[in-house]
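Coordinate analysis (summary)
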Amino acid sequence: MFSRVFRFYRDGFRAMDVGRTLWLVIVIKLVVIFVVLRLLFFAPATGGMDDSERASAVMERMTENIE
């Protein structure tokens, strides 16, 4: 059963012409979104801290009152 499903998708992707280009665009977009933006704009909030400082910072954030 699993091998039949795998062969179905494998043969379908091999027969694609325009679909390969679209999948390539999707993969490039995902790389940009999850890798480049993560590295450039979303620096870790606990960067440069050792384990005990990181633990106390996370605990403080989790237990602070929400107003």
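Residues numbered from 1 in each chain as written. Predicted model: local features only at pLDDT ≥ 70, side-chain atom pairs only at ≥ 80, totals over all residues. Heavy atoms only, no water.

Some details on the overall build of the protein
Along the backbone of the protein there are 3 helices and 0 strands. Listed by position from the N terminus, the elements making up the protein come as α-α-α. Scaling as 2.2 N^0.38, a compact globule of 67 residues should have a C-alpha radius of gyration of about 11 Å, whereas the protein reaches 22 Å, well beyond that. Taking the principal axes of the C-alpha coordinates as reference, the protein spans close to 55 × 30 × 30 Å. Looking at the protein as a whole, 1% of its 67 residues qualify as buried. Taken together, the 9 basic and 8 acidic charged side chains of the protein have centroids lying 23 Å from each other. (Helix = DSSP H or I, 4+ residues; strand = E, 2+ residues; numbered from the N terminus. Rg over C-alpha atoms; globule rule 2.2 N^0.38 Å. Buried < 20%, exposed > 50% of the residue type's maximum accessible area, 1.4 Å probe, protein only. Lys, Arg positive; Asp, Glu negative; His and termini not counted. Charge placed at Lys NZ, Arg CZ, Asp CG, Glu CD.)

Considering the environment of D50
Within the secondary structure, D50 is located in the loop between α2 (18–41) and α3 (51–63). Once the C-alpha coordinates of D50 and F8 are considered, the two residues, 42 residues apart in sequence, prove to be 50 Å apart. Polar contacts involving the side chain of D50 include one to the main-chain amide nitrogen of E53, which spans 3.0 Å. (Polar contact = N/O pair within 3.5 Å; in protein donor to acceptor, adjacent residues only side chain to side chain.)

Describing the environment of E53
Structurally, the position occupied by E53 is in helix α3. Separated by 27 residues in sequence, E53 and I26 have C-alpha atoms that sit 39 Å apart.

Some words on the packing of aromatic side chains
If you walk through the whole model with that rule in mind, you get 2 aromatic pairs. Here the aromatic rings of F8 and Y9 are separated by 5.4 Å at their centres, their planes lie at 80 degrees, and the arrangement is edge-to-face. You can call F8 exposed: its relative accessible area is 61%. With a centroid separation of 5.9 Å and 70 degrees between ring planes, the pair formed by F13 and W23 is classed as edge-to-face. Residue F13 is located in helix α1 (residues 2–14), and its partner W23 is located in helix α2; the two are separated by 10 residues in the primary sequence. (Phe/Tyr/Trp six-rings, centres within 6.5 Å; stacked < 30°, edge-to-face > 60°.)

Focus on the confidence of the model for the protein
For the protein, the average pLDDT comes to 82, and 94% of its residues sit at 70 or higher. Confidence, read as mean pLDDT per element, is least for α2 in the protein (83) and greatest for α1 (87). (pLDDT = per-residue confidence, 0-100.)

A closer look at the pattern of salt bridges
For the coordinates displayed, the defined rule picks out 2 salt bridges. Of the charged contacts, one joins D11 and R10 as a salt bridge, the two residues approaching to 3.5 Å between their closest N and O atoms. With a closest N to O distance of 3.3 Å, R54 and D51 form a salt bridge. Placement of the pair is R54 and D51 together in helix α3, with a separation of 3 residues, close to one helical turn. Judged by its relative accessible area of 32%, R54 is partly exposed. A relative accessible area of 62% places D51 in the exposed class. (Salt bridge = Lys/Arg side-chain N within 4 Å of Asp/Glu carboxyl O.)

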